[in-house]
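# Structural features, examined
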Amino acid sequence: MELSATLRRIERAAGALATASVARMDESLPWFRELPADQRSWVMLVAQAGARSLVQWLRSGGGSADSTQEVSDEVFATAPEALARSISLQQTVALIKVTIDVVEEQVSHLAAPGEEQQLREAVLRFSREIAFAAARVYARAAESRGSWDARLQALLVDALLRGDSPDVLASRAAALGWSDAPPVAVAVGRSPGGEVAAVLHTVYRQARRIGVEVIGGVHGDRLVIVLGGAADPVAATEKLLPAFGEGPVVVGPAVPSLDEATESARAALAGFRAAPAWPTAPRPVSAAELLPERALAGDAEARRRLRHDVYAALVRAGGELLETLDAFFTAGGTLESAARSLFVHPNTVRYRLRRIAEVTGFSPLSPRDAFALQVALTVGRLDPVVPAVTAVPTQTMTPGVRKTSQTGDDRR
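These numbers come from a predicted model, not from an experiment. (Residues numbered from 1 in each chain as written. Predicted model: local features only at pLDDT ≥ 70, side-chain atom pairs only at ≥ 80, totals over all residues. Heavy atoms only, no water.)

## Describing the sheet that holds strand E1 (residues 184-190)
Put simply, the rule reads: Note: two strands are recorded as paired if DSSP finds a minimum of 2 bridges between them. A run of H or I in DSSP counts as a helix once it spans at least four residues, and a run of E counts as a strand once it spans at least two, with each numbered from the N terminus. What makes two residues a contact is simply this: any of their non-hydrogen atoms within 4.5 Å. Helix axes are fitted only over the stretch in contact, all axes being lines through C-alpha atoms; the angle between N-to-C directions runs from 0 to 180 degrees.
Reading across from one edge, E2-E3-E1-E4-E5 is the order of the 5 strands in this open sheet, with mixed pairing throughout. Because the sheet does not close on itself, it has two edges, and the strands there are strand E2 (213-219) and strand E5 (285-286). The pairing of E2 with strand E3 (residues 222-228) spans 7 bridges and is classified as antiparallel. In the sheet register, glutamate 213 faces E3, and the bridge partner there is glycine 228. Each of E2 and E3 is contacted by helix H10 (residues 196-210), which is oriented at about 160° to E2, the strand it contacts most. Its contacts with the sheet place helix H12 (residues 261-274) against E1, E3 and strand E4 (250-251), and it is angled at close to 25° to E1.

## Focus: the packing of helix H1 (residues 4-28) against helix H3 (residues 37-59)
What counts is decided by this rule: Under this scheme an angle from 65 to 115 degrees is roughly perpendicular, one under 35 degrees roughly parallel, and one over 145 degrees roughly antiparallel; angles in between are oblique. Left-handed describes a crossing whose near helix is turned anticlockwise from the far helix through less than a right angle; right-handed describes the clockwise counterpart. Under the scheme applied here, ten amino acids are nonpolar (Ala, Val, Leu, Ile, Met, Phe, Trp, Tyr, Cys and Pro), four are charged (Asp, Glu, Lys and Arg), and all others, including Gly, are polar.
For the pair H1 and H3, interaxial distance at closest approach is 9 Å and the crossing angle is 150°. In terms of orientation, H1 and H3 fall into the roughly antiparallel class. Here H1 and H3 pass one another in a crossing that is right-handed. Of H3, the residues touching H1 (which contributes Leu7, Ile10, Glu11, Ala14, Ala18, Thr19, Val22, Met25 and Asp26) are Arg40, Val43, Met44, Ala47, Gln48, Ala51, Leu54, Val55, Leu58 and Arg59. Taken together, the residues of the contact of H1 with H3 break down into 13 nonpolar, 2 polar and 4 charged.

## Observations concerning the environment of glutamine 106
Heads up, the condition is: Residue exposure (1.4 Å probe, protein chains only): buried if accessible area is under 20% of the type maximum, exposed if over 50%, otherwise partly exposed.
Mapped onto the fold, glutamine 106 is located in the loop between helix H6 (89-105) and helix H7 (107-110). Residue class for glutamine 106 comes out partly exposed when judged on its relative accessible area of 30%. The spacing of glutamine 106 and arginine 120 is 14 residues in sequence and 9.8 Å in space, taken between C-alpha atoms.

## Here we look at the pairing of E3
E3 sits mainly inside the fold: 6 of its 7 residues count as buried. Pairing of E1 with E3 involves 7 bridges; the strand directions are antiparallel. Directly across from arginine 190, in E3, lies its bridge partner arginine 222. In this antiparallel pair of consecutive strands, E2 and E3, the connection spans 2 residues, and glycine 220 shows a positive phi of 65°.

Remember that the coordinates give geometry; whether it matters functionally is a separate question.
Rendered as structure tokens:
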């Protein structure tokens, strides 16, 4: 492409073209007028580099594929990478369009006689290369930002698992744009393996679909996800299961904010370690449903909850609930046998078992709940925190003599 006379004209007009382009941006793009002075000056530098790059591109005859990329990339090399963080790709496209419009309007003055059409076609082709160059700049910025975000998220999850101070958690979460939408819960499962970026990309894609906020991190073979704004964290985690590998996925209790999420993380991790003891556990499973396994695995918090919320609750309820529960388990879960050993009517045992379920939240008639109650009784008697109830000794009854002292519920 021989445009030697036109090239000399463009070189002389490069400064004026850049100035005219920036002036047009100021007129037609309201957001551009609001940019700080330093960012406006960066745009001026890019516009000037664009004019020089057009000359170089034309001198190369339209450029080969490699030289075209090199020339067009030089346009954005004049501005710092911070410009890509300040101006969106859509805004950059608008700036390129304005600049190309200005150049096209000046084609009749820039082109030597008879070269107008050649210059107009060259400008159109060059604008395409500039657009691709802009896309590459933003792609590199996104990759860099993604890598940084991944490292920052890994640090935040690590701080959460270590139980660092709320200030540390808050500062790192703020850097990630975490809005701390309540409630917050932590889910732990096995990582599917592969690149961490690919694993987390799956997490974020699934989270966007269900409208929850997430922060994720891979620690060894574990994938840890912090969920925010999910009214039901277990149900939300179920929709995130494609991001996890095989094996159990445990969800810690919901807490009001990230400041308190350490509690949820500890419960989820303890549950994840204990989950193999319950092979038929649902997936995902709440850490609260794994209390007996966690207690047997040495989790102090699980022991405390079983002792306080189950055993101590039975003690505080009074009556013969503990005695009835012991008799029911001794009888192998047979209601009539338990009633005979207690010298009460089977309906009385039924009533007391219902009371036990109301007081503890665990029904002795459910095999799974019965297991939790048995572990709670064991833990409570090993680590008593309330005055122990003296079990009423089984009375030795003389044949033909009925028991005369009965409680109200005995007579039901």
